[in-house]
Each structure stands twice: as structure tokens, then as C-alpha cells.
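Coordinate inspection notes
Read off the chains here:
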Amino acid sequence: MIVRSALLNVMMGAARKAARNLVRDYGEIEQLQVSKKGPADFVSSADTKAEKTLRAELKKARPGFGFLLEEGGEIAGDDKSHRWIIDPIDGTTNFLHGIPNFCISIALERDGELHAGVIYQPLGDEMFHAEKGAGAFLNEHRLRVSARRKLEDCVIATGIPFLGRPGHEVFLKELGAVMAQVAGVRRFGSAALDLAYVAAGRCDAYWETGIKPWDIAAGIVLVKEAGGYVTDFKGGSKMLDNGEIVAANDHLHQPMLKLLKSARG
Ligand code: 2AM
Ligand code: CA
């Protein structure tokens, strides 16, 4: 049996509690698909509700910590060295369409460094968790990134810039370069779960641009603790600032960076 820190127990407890309502709300979505108004408003209220639960649970357990919330923005705490970075539903478009690939993502930043991450996919009851120096886990099982070395054997996850976002043409260049060399490319629609999948060795690499801190903060801890590499497109560590991310196993990280760089020109 693994012994988890009190901190991870707090994070997982908050995620499970918020997930109970999310699952109930998700069950209602199917009926709302056919209504004239559509489920969009309903989803945004599910989002807000989940965020409120997460905030309340985490505040109860660690009263001084600050927050960076997808919906609520930045909320300063008395304890300036700790900040929660939270996405109440990552994969909102999936949730809205009744596609079960969505999750809750909670990261803890300590003194400006990502320290712990929890990503919970409630419909599959998959609890991904990691703390700096203590390894990455899926439920009770230790995670390790894949060992694949040849791009031709690899499945690579990515995110497509959505409507209204710049970068569609550049993305098509990246996709063209990657798809020509790998076994398959996947677009699952939740950046947090894409990173969890790299940590679990299900996907060999993942890249995306235009991504927000709450989409990736917890997943970065998971991939690193599972023995993988995570950088921005230049190979630096400014992912939360510039919204660029390339995560991969130790063999593929440099080849992926090179491939994306040459594709972008
Ligand atoms: P979200 O579900 O929290 O919005 C997938 O490429 C990533 O982009 C997801 O993690 C998703 O996070 C984010 N994203 C933000 N806005 C989006 C949109 N309108 N359509 C699709 N993905 C979006
Ligand atoms: Ca998100």
C-alpha cells in the first residue's frame, strides 16, 4: 500500500467531492442537448459550482494559501509561498457534448515552483497524483513514462487551436510534420488528461500552444515525477507564462522539439 502525504489527501479529497456534483450534472447533459437553449449555460454553472467546492475544501484544509482559478482568477492568500492552480473542468467542450473525457485539475505551487498535482477523471474513476520527489501514481499504481524510442511506434497527443484563437496555420504545419513520422496523433480535448496520459505511458508525447496555467500545472508535475520531460518550445521552463508545452518520455523530448521547430520554420 502506498502512503500518501496529508497534502495529496487534501487535494484528492477536494477533487472527489467536487466530482460528485459534476458527475450528476454530466448525467443531465444528454437531455439538455435536445433543448433549444442547449447545455452551454448549464455547463458554465457546473463549472462554477465545481470551482466553488474546490475552493471551499482547499481553504478549509489550508486557510492561508492563495488561488489561481480558471473561472475566479487570482485570489491572494496570507501565505505568499503557496498557491493552488485549479481548473474545475478541463475538457469543457467534451463535457458539453456528452463526451466523457474531462477532469478536475489541481496543482500546488510552492515558492514559485510546481510542487504537487492531482488530475481526477471521475467517469473512469482515474485519480492521477504526484508530489515532487515522491513519484507519480494512477490510483494505487506507480507511473512511468513510456520507453518507446522510435517515433514510428509512438502515439502523440495534441490540442488544436479552437475557434477564435490564432495559430491555425502554424498548427497545421506542426501536425503535418508530426503525423508523417508517428504511429498516430490523438486530439482528446483535455490538456490535463493528455499530460496524465504521457505520465502513464499511454501517449509517448504531447504538444500544444495557447494553453493556460490551470490546463497544465498539475500535469507538469505528473510527467516530471513519472520520469518525463516538459518544456516550452525553446526547451525552457516558461510553459505557464508563454502557454507552449512539449511533454515526452526521455528519449523523445529532444526529437519532438526538433521536429516542431523545423515545422514552424
Ligand atoms: P477547458 O476545457 O478548461 O476550456 C484543449 O486543447 C485544451 O484547450 C483544454 O484543456 C481546454 O480547457 C482548452 N480550451 C479552452 N477553451 C477552449 C475551447 N473553446 N475549445 C476547446 N478547448 C478549449
Ligand atoms: Ca482547461
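The shown structure was predicted, so the numbers you read here are calculated from the model rather than taken from an experiment.

**Some points on the environment of D87**
Checked against the element boundaries, D87 lands in strand 3 (residues 79-90). In this structure, the C-alpha to C-alpha distance between D87 and H115, residues 28 residues apart in sequence, is 16 Å. In this structure D87 touches E70, C103, I104, S105, W214 and D215, once residues within four positions along its chain are discounted.

**Remarks on the coordination of the calcium ion (ligand 2)**
Each protein donor to the calcium ion (ligand 2) is listed here as D87 (OD), D90 (OD) and D215 (OD); together their distances run 1.9 to 2.2 Å. In primary sequence terms, the donor set of the calcium ion (ligand 2) follows D-x2-D-x124-D. This pair shows no difference in class: D87 is buried, exactly as D90 is.

**So, the sheet that holds strand 10 (residues 184-186)**
Paired through backbone hydrogen bonds, the strands of a sheet run either parallel or antiparallel to each other. Strand order in this open sheet of five strands is 10-9-11-13-12, and the pairing throughout is mixed. Unpaired on one side and paired on the other, strand 10 and strand 12 (229-231) mark the two borders of the sheet. On average, each strand axis in the sheet is inclined to that of its neighbour by 15 degrees, with strand direction left out of account. Relative to strand 13 (residues 245-248), strand 12 is paired through three bridges, and the arrangement is antiparallel. Residue pairing across strands places T231 opposite V246, the latter belonging to strand 13. Sitting on the sheet, helix 5 (residues 191-199) touches strand 9 (155-158), strand 11 (205-208) and strand 13, and the angle it makes with strand 11 is about 155 degrees.

**Regarding the pairing of strand 11**
Within a regular beta strand, the side chains point alternately toward one face of the sheet and then the other, so they alternate between its two faces. In strand 11, alternate side chains face the same way, and those of A205 and W207 on one face and Y206 and E208 on the other are all buried. Bridge count between strand 9 and strand 11: three bridges; the pairing is parallel. Bridged to I156 within strand 11 is A205. In terms of strand pairing, strand 11 meets strand 13 through four bridges, oriented antiparallel. Each residue of the ladder has a partner; that of W207, found in strand 13, is V246.

Here is what the cut-offs are and how they apply
Residues numbered from 1 in each chain as written. Chains lettered and ligands numbered in written order. Predicted model: local features only at pLDDT ≥ 70, side-chain atom pairs only at ≥ 80, totals over all residues. Heavy atoms only, no water. Helix = DSSP H or I, 4+ residues; strand = E, 2+ residues; numbered from the N terminus. Contact = heavy atoms within 4.5 Å. Donors = N, O, S within 2.8 Å, 3.2 Å for Na, K, Ca; no water. Buried < 20%, exposed > 50% of the residue type's maximum accessible area, 1.4 Å probe, protein only. Pairing = 2+ DSSP bridges. Axes fitted to C-alpha atoms, helices over the stretch in contact; angles between N-to-C directions.

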